[in-house]
Amino acid sequence: MSIDMDTVVGLYFKHADALRNARLAQAALLTADRRMRPRLDDAETEISYLLVREFRPRRVVEIGAEHGWSTTWLLRALADNGHGRLDTYDMTGHARDRIPPSLAGGRWQFHHCDVRTTGDLTPESIDLLFIDAVHTASFAHWYRHHLLDRLRPGTPVAVHDVFHRPASPSREGRVVLDWLAAHNAPHFTVSAAAAPQEYAELTVAKRLLSLDDVVHRPAPNPMLFCTTP
């Protein structure tokens, strides 16, 4: 399944009720723990949730969690699926104390380490990859070689902080975009800066579904989504 505008809007309609419940639960979690300090906004977390629901991965790998906002969304999607597990790799231990036991139990393992030093990633077993860590070209070159090149074709990937400006992706994003271009593979974003039409279309769809109230809005949707070629 390719990730494009039609696919994403379709997933919003398909999983609208579950997403509505997830948003309510996440809003309550954010209210209860102000230490969470989310960096992803609603569109990024919602699309990530929907991709987990639709692709139904057995193993999700998250690189970079900070205080665990993306972690809770990924775990909630796995819980709603009724199967799958999440491996989170992070150099800080903040997320370890933020995740409710009801979400973590039986489906989450936290690895307190630099992901570049671990030997247990086994990219061939990853069914969905979520990256929000060191936003440098050198790190992107590392995960391009060690992860992206080794994932099975069709594996969904999300990379944060790519499209903050219309014509100038981040240095990390440039590496990912060059990799996709080399394989003639598409990407998707609803970045308000880089993809205003897609952002507007999603805004309309969310309004139609009464999903347009804000849970958290820290940034203009700079995440890149794709599936591996």
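Please refer to the structure placed before this passage.
Residues numbered from 1 in each chain as written. Predicted model: local features only at pLDDT ≥ 70, side-chain atom pairs only at ≥ 80, totals over all residues. Heavy atoms only, no water.

Brief notes about the pattern of salt bridges
Part 1 of the argument: Inspection of the entire model under this criterion finds 16 salt bridges.
Part 2 of the argument: Note that Lys14 and Glu54 form a salt bridge whose closest N and O atoms lie 3.0 Å from each other. Taken as a pair, Lys14 in helix α1 (residues 5–14) and Glu54 in helix α3 (residues 42–55) lie far apart in primary sequence, 40 residues in all.
Part 3 of the argument: A network of salt bridges, in which partner residues are shared, links Arg23, Glu46, Lys206 and Asp213. (Salt bridge = Lys/Arg side-chain N within 4 Å of Asp/Glu carboxyl O. Helix = DSSP H or I, 4+ residues; strand = E, 2+ residues; numbered from the N terminus.)

Points about the pairing of strand β2 (residues 85–90)
Part 1 of the argument: Summarising burial for β2: five of the six residues are buried, a large majority.
Part 2 of the argument: In the sheet, strand β1 (residues 59–63) pairs with β2 via five bridges, with the strands oriented parallel. Residue pairing across strands places Val60 opposite Leu86, the latter belonging to β2.
Part 3 of the argument: Handedness of the crossover joining β1 and β2 through helix α4 (residues 69–81) is recorded here as right-handed.
Part 4 of the argument: As paired strands, β2 and strand β3 (residues 108–112) are joined by five bridges and run parallel to one another. (Buried < 20%, exposed > 50% of the residue type's maximum accessible area, 1.4 Å probe, protein only. Pairing = 2+ DSSP bridges. Right-handed = clockwise from strand over helix to strand, strands pointing away.)

Looking at empty space enclosed by the protein
Part 1 of the argument: Enumeration over the complete set of coordinates arrives at one cavity of 30 Å³ or more.
Part 2 of the argument: Size it by volume and the largest cavity reaches roughly 40 Å³.
Part 3 of the argument: Forming the boundary of the largest cavity are Ser48, Leu51, Leu128, Leu129, Phe130, Pro156, Val157, Ala158 and Phe225.
Part 4 of the argument: Of all elements in the fold, only α3, β4 (128–131) and β5 (156–159) reach the threshold of two or more residues within the lining of the largest cavity.
Part 5 of the argument: Classifying every residue of the lining of the largest cavity by side-chain character gives eight nonpolar, one polar and no charged. (1 Å grid on protein atoms, 1.4 Å probe; cavity = no way out; pocket = protein on both sides within 12 Å on 5 of 7 lines; lining within 4 Å. Points joined across faces, edges and corners; volume = space filled by probe spheres on them. Nonpolar A, V, L, I, M, F, W, Y, C, P; charged D, E, K, R; others polar.)

A look at the sheet that holds β2
Part 1 of the argument: Judged by pairing direction, the sheet is mixed, and its six strands sit side by side in the order β3-β2-β1-β4-β5-β6 without closing on themselves. In the strand order of this sheet, the two ends are held by β3 and β6 (224–227), each with one partner. Between one strand and the next, the sheet's axes are offset by a mean angle of 15 degrees, whatever the strand orientation.
Part 2 of the argument: Of the pairings in the sheet, the one linking β1 to β4 comprises four bridges and is parallel in character. Each residue of the ladder has a partner; that of Val61, found in β4, is Leu129.
Part 3 of the argument: Against the sheet, α4 engages β1, β2, β3 and β4, with an angle of about 170 degrees to β2. (Axes fitted to C-alpha atoms, helices over the stretch in contact; angles between N-to-C directions. Contact = heavy atoms within 4.5 Å.)

So, the packing of helix α6 (residues 137–146) against helix α7 (residues 171–182)
Part 1 of the argument: Interaxial distance between α6 and α7 falls to 7 Å at its minimum, and their mutual angle equals 30 degrees. When the axes of α6 and α7 are compared, the crossing they make is right-handed. Contact residues: Ala137, Ala140, His141, Tyr143 and Arg144 in α6; Arg171, Glu172, Val175, Val176, Asp178 and Trp179 in α7.
Part 2 of the argument: The residue inventory of the contact of α6 with α7, partitioned by class, reads six nonpolar, one polar and four charged. (Left-handed = near helix turned anticlockwise from the far one by under 90°.)

Points about the packing of α1 against α3
Part 1 of the argument: The N-to-C vectors of α1 and α3 enclose an angle of 80 degrees; their axes lie 10 Å apart at closest approach. The angle between the axes of α1 and α3 places the two elements in the roughly perpendicular class. Residues Val8, Leu11, Tyr12 and Lys14 of α1 lie in contact with α3, whose contacting residues are Ala43, Glu46, Ile47, Leu50, Leu51 and Glu54.
Part 2 of the argument: Across the contact of α1 with α3, the residue classes break down as seven nonpolar, no polar and three charged. (Parallel < 35°, antiparallel > 145°, perpendicular 65-115°, else oblique.)

Points about the layout of surface pockets
Part 1 of the argument: For the largest pocket, the calculated volume is near 420 Å³.
Part 2 of the argument: For the largest pocket, the lining is made up of 30 residues, of which Gly64, Ala65, Asp90, Asp132 and Ala133 are closest to its centre.
Part 3 of the argument: Where the lining of the largest pocket is concerned, the elements lending two or more residues are α4 and β2.
Part 4 of the argument: Here the residues of the lining of the largest pocket sort into 14 nonpolar, eight polar and eight charged.
Part 5 of the argument: As for the second largest pocket, its lining consists of 17 residues, of which Asp42, Tyr199, Thr203, Lys206 and Arg217 are closest to the centre.
Part 6 of the argument: Residue assignment for the lining of the second largest pocket shows that the elements contributing at least two residues are α3 and α8 (196–208).
Part 7 of the argument: Among the elements that take part in the lining of the second largest pocket, α8 stands out by supplying four residues, more than any other.

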